[in-house]
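# Observations on the three-dimensional arrangement
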Amino acid sequence: MQRSLERDDETTAETESSGDGGRLAGVRQRVGRVFSIRGFLLALAVVVAGVAVGGAIGGFVPFLGTVGRIVGVFAATFLLGAVRSHRQYLEVAAAGAVVAAVLAVTQVFSGVFLPIGVEWLQQYGLALGAIGAGSGAVASVLGYYFGRDLRDGLTKSIE
């Protein structure tokens, strides 16, 4: 046990005294574990696909377009959670929030005369973006959580 502690102390001393960044390299490594750009881009692609499919399905039923998109986000992130083995809640929440906020703000211009849409965007743009980001983040995290829960249930051994 004493020998192991000495080895750890030597390793720590070498890391801190070397010119490779020591502690800074450790901080970079920990930050990389918190947020993954690859995971975010994958989640972004999945959320965009979910919005497209949900919007297409929601387009068949009048007044169901926005709800269909949110259901599409939930379903897409559910599948992502069921397939992925890594926990990436932050990436999924950020992707859902970004896509839903952009959609909420740009939906003002669909079916509305442009000057009226610009006026609405000036008055309610921040609120629309916040509501869109919140609903997208919640739908994506819930879908991802339930997908991971299903994956855990399917992969656990029965005792």
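Look a little higher up for the structure.
So, here is what we can say about the structure in this document.

All right, on to the packing of helix α3 (residues 37-58) against helix α5 (residues 89-106) then. At a closest axis distance of 8 Å, the pairing of α3 and α5 adopts a crossing angle of 45 degrees. For the element pair α3 / α5, the angle class is oblique. The crossing of α3 and α5 is right-handed. Taking contact as the criterion, the partners of G39, F40, A43, L44, V47, V48 and V51 in α3 are, on α5, E91, V92, A94, A95, G96, V99 and L103. In terms of residue class, the contact of α3 with α5 is built from 11 nonpolar, two polar and one charged.

A few words on a nonpolar patch on the surface. A contiguous nonpolar patch, built from V53, I57, F60, V61, L64, V67 and V71 and spanning about 670 Å² of accessible area, is present on the exposed surface. Of all the secondary-structure elements, those providing two or more residues to the nonpolar patch are α3 and α4 (65-83). You can see I57 is positioned in helix α3.

What follows concerns the packing of aromatic side chains. In this description, an aromatic ring pair is defined by two values, namely the gap between the centres and the angle between the planes. One pass over the structure, following the stated rule, counts five aromatic pairs. A centroid spacing of 5.8 Å and a plane angle of 40 degrees characterise the contact between F35 and F40, whose relative ring orientation is tilted. Accessibility expressed as a relative area gives 17% for F40, which makes it buried. Seen from their ring centres, F74 and F78 are 6.5 Å apart, and the 25 degrees between their planes marks the pair as stacked. Here F78 and F74 lie together in helix α4, a separation of four residues that amounts to about one turn. Judged by its relative accessible area of 23%, F78 is partly exposed. Taken together, the ring pairs connect F74, F78, Y145 and F146 into an aromatic cluster.

Taken N-terminus to C-terminus, the directions of α3 and α4 make an angle of 140 degrees; their axes are 7 Å apart at the nearest point. Between α3 and α4, the angle falls in the class oblique. α3 and α4 meet at a crossing whose hand is right-handed. Of α4, the residues touching α3 (which contributes L42, A43, V46, V47, G50, V51, G54, G55 and G58) are G65, G68, R69, G72, V73, A76, T77 and L80.

Our focus in this paragraph is the nonpolar core. Formed by 13 residues in total, the largest nonpolar core has its most connected members in A43, V47, V51, V73, L80, V92 and A95. Looking at this core, the elements that each hand over two or more residues are α3, α4, α5 and α6 (114-155). The element best represented in this core is α3, accounting for five residues. When neighbours within four sequence positions are excluded, L80 is seen to be in contact with L42, A43, V46, V92 and Y144.

What counts, and where the lines are drawn
- Residues numbered from 1 in each chain as written.
- Predicted model: local features only at pLDDT ≥ 70, side-chain atom pairs only at ≥ 80, totals over all residues.
- Heavy atoms only, no water.
- Axes fitted to C-alpha atoms, helices over the stretch in contact; angles between N-to-C directions.
- Helix = DSSP H or I, 4+ residues; strand = E, 2+ residues; numbered from the N terminus.
- Parallel < 35°, antiparallel > 145°, perpendicular 65-115°, else oblique.
- Left-handed = near helix turned anticlockwise from the far one by under 90°.
- Contact = heavy atoms within 4.5 Å.
- Nonpolar A, V, L, I, M, F, W, Y, C, P; charged D, E, K, R; others polar.
- Patch = residues over 30% accessible without salt bridge, like charges linked within 9 Å, V, L, I, M, F, W, Y side chains within 5 Å.
- Areas by Shrake-Rupley, 256 points an atom, 1.4 Å probe, with all protein chains shown as cover.
- Salt bridge = Lys/Arg side-chain N within 4 Å of Asp/Glu carboxyl O.
- Phe/Tyr/Trp six-rings, centres within 6.5 Å; stacked < 30°, edge-to-face > 60°.
- Buried < 20%, exposed > 50% of the residue type's maximum accessible area, 1.4 Å probe, protein only.
- Core = buried A, V, L, I, M, F, W, Y, C linked by side-chain atoms within 4.5 Å.

Purely spatial values, then, with no claim about function.
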